[in-house]
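# Secondary and tertiary structure notes
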Amino acid sequence: MIRSLVTAIASLCILTPAIAQDDRIDELSFDEEQLKEEVVPYFAIGVGPVFNFLLPSTTDVNARATALGLSELKAPVVQIGAEIFAAIGVVPNVRLGFSWVAGTSTSSSDLSVGGTSVKRTMNYGITSRAFHLDYAIVPMKSLAILPGVGLGWGEQSIETFQSQSNLSWTDLTNDATFAPAPNALTRLQQNTLSILPRVNLEYAVTPFLNLRAQAAYNLQISGSDWIANNNATVSNVPSGISVSGLSFQVGVLVGLFN
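Description of the structure in this document. (Residues numbered from 1 in each chain as written. Predicted model: local features only at pLDDT ≥ 70, side-chain atom pairs only at ≥ 80, totals over all residues. Heavy atoms only, no water.)

### Regarding the nonpolar core
If you look at the biggest cluster of nonpolar residues, it comprises 14 residues, and the most contacted ones within it are Val-61, Leu-73, Met-122, Tyr-124, Ile-158 and Ile-241. Put simply, the parts of the chain that give this core at least two residues each are helix H2 (59-67), strand E4 (116-135) and strand E9 (226-228). In terms of residues, this core owes the most to one element, E4, which gives three residues. (Core = buried A, V, L, I, M, F, W, Y, C linked by side-chain atoms within 4.5 Å. Buried < 20%, exposed > 50% of the residue type's maximum accessible area, 1.4 Å probe, protein only. Helix = DSSP H or I, 4+ residues; strand = E, 2+ residues; numbered from the N terminus.)

### Some points on the packing of aromatic side chains
For the structure on display, the rule yields four aromatic pairs. With 6.2 Å between their ring centres and 45° between their planes, Phe-98 and Trp-153 make a pair best called tilted. Pair noted here: Phe-98 is in strand E3 (residues 94-113) and Trp-153 is in strand E6 (residues 143-163), with a separation of 55 residues, a long-range link. On the basis of relative accessibility, which here comes to 28%, the residue Phe-98 falls in the partly exposed class. Using a relative accessible area of 34% as the deciding quantity, one classes Trp-153 as partly exposed. In textbook terms, an aromatic cluster arises when at least three aromatic residues are bridged by ring pairs, as seen for Phe-98, Phe-131 and Trp-153. (Phe/Tyr/Trp six-rings, centres within 6.5 Å; stacked < 30°, edge-to-face > 60°.)

### A few points about the pairing of E3
Relative to E3, strand E2 (residues 77-87) runs antiparallel, the two being bridged by nine bridges. In the strand pairing of E3, Ile-84 is matched with Phe-98. A loop of six residues connects E2 with E3, the two strands running antiparallel in sequence, and Gly-89 in this loop sits at a positive phi of about 80°. In this structure, E3 lies alongside E4, joined through 20 bridges in antiparallel fashion. Bridged to Val-94 within E4 is Tyr-135. The loop that links E3 with its antiparallel partner E4 comprises two residues; one of these, Gly-114, has a positive phi angle of about 60°. (Pairing = 2+ DSSP bridges.)

Shown next as structure tokens:
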């Protein structure tokens, strides 16, 4: 009988905590806690070729072309170059870059000068180098919208030349006939300073390949005197001859992109 009593007491001691735990099971919550989505800061280091299509006003340039018996130059001025950039890390989503682009629009005609057949050509060239500051907005994976602004410097030139189809070396080495008519060359050049607001749309096809489409406006804020043939200062150049204009760009960039 004593053994039976001890067994009953031991069983009661074991079951009592278990029953108490069962009573509290309903109090336990198994709802999954919402995991916080981690925000990955924008990161990019890239370099690659870009193709720029600049639409400056060519009214005054074409007036000169027409006066010289040439057809009007066609817009846009197609520029080819490159850009390199990197996210700076200190300020989230901000990146710095440097670009260089250059291009020329051309018009040529075969003419007769003093009874001699010549080919006359005009080239209107624009070159630009710029530092850029962009801010990345990432609405979805692999896609970035980057508004930004650049400070650019470069030059524009108007080069007009004509020549016969054949010349003798002595025609070019004799001082008296260094530039005999109907052979001639005039090159006008101006240094420029510009501000470039822009918006890039970039898509990372892979972590190592990025495609770009860009819209921008090149605003010339300053220009030097026009210089002819690296020597003479030229006056009365129309103020409408400027590198200001809307531009569009596409690019293929390689590097590291998140």
